[in-house]
Amino acid sequence: MSRIRLGKCWIQWEEMRAALIPPQSAPETTPLMDDSSREHRRKRKEKAENFYSGVATFPKSFTFQPIQQGFYFVDAFFLLSGFLLTYLTLKRMKASDGKMDWIWFYLHRHFRLTPALAMLMLIWMFIFPEMNQGPFWYRTEENIDSCRRYWWTDILYINNFFPTNVWDQCIGWAWYLACDMQFYYLSPLLLIPLYRFPKIGLGAVTATCIASFITTAVIVWENDFQIPDQCPEILYGDSTRVNGENKENTVGPINTMNVVMSCTGYAILPWKTAINRAGNTLRLNLVYDKPYCRVSPYLVGMMLGYLMQRIGKRKLTLKSVVVAGGWITAIILYMVVIYGLYNLYRGASTSSLAARVMYITFSRFIFALALAWIIFACHYGYGGVVSDFLSWRFWTPLSRLTYSTYLLHPVLQNVYGYGSATPIHWSIFNYIIFSAAFISLSYFCALAMCLLVEFPFINLGKMLMTEVKGVRGNGKRKR
C-alpha cells in the first residue's frame, strides 16, 4: 500500500465540497459573575422564576408535545439501522448466492464507528475541560473521573450494561451506539434464516419482538414505573415533583433549571445529581438503555428491509384506498405516541399501572410502524409532497455528517451549560435561538471531525479490504 494512496484517505477535497456547510459564528462567552454575595444569589433565583413557570406551562401546550416527546425520534435511527442492514445485506447475499464475508461484516462496522468515538473520548477527557469556565465548571471533573474508570466500556460497546449506574458512563449518550452495535453483532442470527429459510427467519424476528415486549412489560410492572417516563421532573419552586411526590431540591436553582433544560432537549448542565436525587436512575438503568427493551424498532426496520428486498425493483401498484388507509393509519399511530400523554402532562387525567405498562412497552414499536409506512410509501412513489421534501438534495450533505453531529452536539451543550453564569429567560423564541445555534455549531464541528477522522478511516477500511481481496485472489490463482 503506497504512501500516496494512504495519504489520500486524509486528503478529501471532493468530500469537503460535498459536505461543506457555511460555518456559524460561535456565541460570545458570558463573563463570570461573582456568586459569593447573598444578594446576588437572590437575584439569580428571581431571574430563574421565569424559567420555572415556563417549563411548567409549555409541557401542557398541545403544540409543544412533539418537542416534549422528542426522545422517540431516537427510535427512528434504530429503525433506519435495521432497515439498511437487512436490505443491503440480503442484496449482497442474493448477488453472491448466499455467501458473505462475515469477518469483514464486523470489521467494517468498527472502522465505521469506533475511530470517531475514540476521538470524541479524547476530546471529552482532555480538551473539553479546557474549553470554558464558569460557576459550575468544577463539576466537569465528575465526567472526567467516569471516563478514567470506564472508557474501555465505550470502546467495547458494553457501556449500557457496565457500569451498572447509567450516570457513571464515560460518554453518556453513547448508550445508543452500544445498543446499535449489539443489534448488529446478533443480526446474522436473523439475517441468515431470512435469506435461506424465510418463514423461519420471519418467525424468529416476530418471536424476538414478542420477547422484548414481555421483558419490558415485566420490568415496568415489577417496578411500578410512572409515565411520562422520559422527563418526570416538573418543578415547583425549590422542589421537584416526581411521580406525585415533592422532592427537595438540594442542588440549587440553576442546577434544577438545567435538569429541565436537559429534558426539553437543548442543554445538558449539572443534571446528574439532580436527576439521581429525583429517583429517575432506576428507570434509566433497567429500561431506557437496555437492548432487550429497545430492539422492537430495529426489528421493524429489519422486516421492512426484508419486504422491500423481496419486492426489489418491481413496480408496485397499490389501490388508492390502500394508500389512503396506510397514511391515515400512520398518522393515527404517530398521534397516539406523541400526543398520548397530553392529558397527563396538563393534569387532566391519571394513569393506571396497566396503562403505563401498555404505553411504555408498545409506544416505541408503534412509532416505528408509522415511520416504516412513510419509508415504504415514499420509496414506491406514494409519498407525494412528503417524498419530495425528504428527497430534497439539501439533506444529502447533511446526512453524511449525521454520525459526527450526534457525537459532538452534547459536548457543545455541556460547554455552554457548565459555563453559564446566569439563568436563562424562558421563551419559545429563545428556545429556537438556542436550538439553531447548537445545530449549526454541531454540524460545523462535525465537518471537521468527518474530514479528519471519520471519512479517512472509512477510506482506509475500504483500502484494506481491497488489499485483502487482492491477496486472496492471488492465492487462489496460484493454487
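Here the residue numbering is sequential within each chain, running from 1 through the sequence in written order. Totals for whole chains, interfaces and linings use every residue, but because this is a predicted model, local features are given only for residues with pLDDT of at least 70 and side-chain atom pairs only at 80 or more, for both listing and counting. Neither water nor hydrogens contribute to the side-chain values; these are computed over all heavy atoms in the structure.

1. With respect to helix H8 (residues 175-186)
Going by this rule: Each helix is a run of H or I in the DSSP string that is no shorter than four residues. Each strand is a run of E no shorter than two, and both are numbered from the N terminus. Multiplying 1.5 Å by the helix residue count minus one yields the expected span of that helix. Burial classification: accessible surface area is computed with a 1.4 Å probe over protein chains only, and a residue below 20% of its type maximum counts as buried, one above 50% as exposed, and the rest as partly exposed.
Taking 1.5 Å of rise per residue, the 12 residues of H8 would be expected to cover 16 Å, and the 17 Å separating its terminal C-alpha atoms lies within 8% of that figure. Burial analysis of H8 places 10 of its 12 residues in the buried class, the great majority of the element. The complete set of buried residues in H8 reads Trp175, Tyr176, Leu177, Ala178, Cys179, Asp180, Met181, Gln182, Phe183 and Tyr184.

2. Thoughts on the state of the cysteines
Selection criterion: Criterion for a disulfide: a pair of cysteine sulfur atoms within 2.5 Å.
Tallying each qualifying case throughout the model produces one disulfide. Here Cys147 is linked by a disulfide to Cys170, with a sulfur-sulfur distance of 1.9 Å. Handedness of the Cys147-Cys170 disulfide follows from its S-S torsion of about 85°: it is right-handed. Remark: Cys170 occurs in the loop between helix H7 (140-155) and H8 and Cys147 occurs in helix H7; sequence separation between them is 23 residues. Accessibility assignment for this pair places Cys147 and Cys170 in one class, buried.

3. Quick word on the packing of aromatic side chains
Two descriptors summarise a pair of aromatic rings, namely the distance from one centre to the other and the angle between the planes of the rings. The condition is simple: Put simply, two rings from Phe, Tyr or Trp (the six-membered ring, in Trp's case) pair if the centres are within 6.5 Å, and we call them stacked under 30 degrees between planes, edge-to-face over 60, tilted for the rest.
Throughout the structure, instances matching the rule amount to 42 aromatic pairs. With a centroid separation of 5.4 Å and an interplanar angle of 85°, the aromatic rings of Phe62 and Tyr342 are classed as edge-to-face. Separated by 280 residues along the polypeptide, Phe62 in the loop between helix H3 (38-57) and helix H4 (65-68) and Tyr342 in helix H16 (residues 342-345) bring together distant segments of the chain. With a relative accessible area of 40%, Phe62 lands in the partly exposed category. Through a chain of ring-to-ring contacts, the aromatic side chains of Phe71, Phe78, Trp175, Tyr176, Phe183, Tyr288, Tyr298, Tyr403 and Tyr406 assemble into a single cluster.

4. Things to note about the confidence of the model for the protein
Spelled out, the test is: Note: pLDDT gives the predictor's confidence per residue, expressed from 0 to 100. Here, two residues are considered to be in contact whenever any of their heavy atoms come within 4.5 Å of each other.
Across the protein, the average pLDDT comes to 80, with 75% of residues at or above 70. Overall, residues 42-49 carries pLDDT values under 50, and its contacts beyond four positions in sequence, including any with other chains, amount to nine contacts.

5. Focus: the side chain of Arg356
Within the secondary structure layout, Arg356 lies in helix H17 (residues 353-379). Among all residues touching Arg356, those that are not within four sequence positions of it are Val220, Asp224, Phe225, Gln226, Ile227 and Ser351.

6. Some thoughts on the packing of helix H10 (residues 198-223) against helix H14 (residues 291-311)
Worth spelling out the cut-off: Orientation is described by axes fitted as lines to C-alpha atoms, over the contacting stretch for helices, and by angles from 0 to 180 degrees between their N-to-C directions. Roughly parallel here means an angle under 35 degrees, roughly antiparallel means over 145, roughly perpendicular means 65 to 115, and every remaining angle is called oblique. Each crossing gets its handedness from the near helix: less than a right angle anticlockwise from the far helix is left-handed, clockwise is right-handed. All residues other than Ala, Val, Leu, Ile, Met, Phe, Trp, Tyr, Cys, Pro, Asp, Glu, Lys and Arg, Gly among them, are scored as polar; the first ten of these are nonpolar and the last four charged.
Viewed as axis vectors pointing N to C, H10 and H14 meet at an angle of 160°, and their least axial separation amounts to 8 Å. Here H14 runs roughly antiparallel to H10, going by the angle between their axes. As for the relative orientation of H10 and H14, their crossing is left-handed in sense. Contacts between H10 and H14 involve Pro198, Leu202, Val205, Thr206, Thr208, Cys209, Ser212, Phe213, Thr215, Thr216 and Ile219 from the first element and Tyr292, Cys293, Val295, Ser296, Leu299, Met303, Tyr306 and Arg310 from the second. Among the residues forming the contact of H10 with H14, the class breakdown is 12 nonpolar, six polar and one charged.

7. Points about the nonpolar core
Stated precisely, the cut-off is as follows: We call a set of buried Ala, Val, Leu, Ile, Met, Phe, Trp, Tyr and Cys residues a nonpolar core when their side-chain atoms join them within 4.5 Å.
One finds Leu117, Leu120, Trp124, Ile171 and Leu177 to be the most contacted residues of the largest nonpolar core, which totals 52 residues. Tallying contributions element by element places helix H6 (residues 102-127) first for this core, with nine residues. If you look at the next biggest cluster of nonpolar residues, it comprises 37 residues, including Leu79, Phe83, Tyr87 and Ile311.

8. Here's the deal with the side chain of Ser81
Note on placement: Ser81 falls in helix H5 (residues 74-95). If we ignore the near neighbours within four places in the chain, the residues touching Ser81 are Arg109, Asp180 and Tyr298.

9. Notes on a nonpolar patch on the surface
For clarity, the cut-off: Nonpolar side chains (Val, Leu, Ile, Met, Phe, Trp, Tyr) are joined into patches within 5 Å and like charges within 9 Å, using only residues with over 30% relative accessible area and no salt bridge. With residues, only the protein chains shown are counted as cover, and all accessible areas are computed by Shrake-Rupley using a 1.4 Å probe. For this document, the term salt bridge refers to a Lys or Arg side-chain nitrogen within 4 Å of an Asp or Glu carboxyl oxygen.
Where nonpolar side chains cluster on the molecular surface, the patch consists of Trp151, Trp152, Leu156, Ile158, Phe161, Phe162 and Tyr292 and spans about 640 Å² of accessible area. When you line up the elements, Ile158 lands in the loop between H7 and H8. When its relative accessible area of 30% is taken as the criterion, Ile158 is described as partly exposed.

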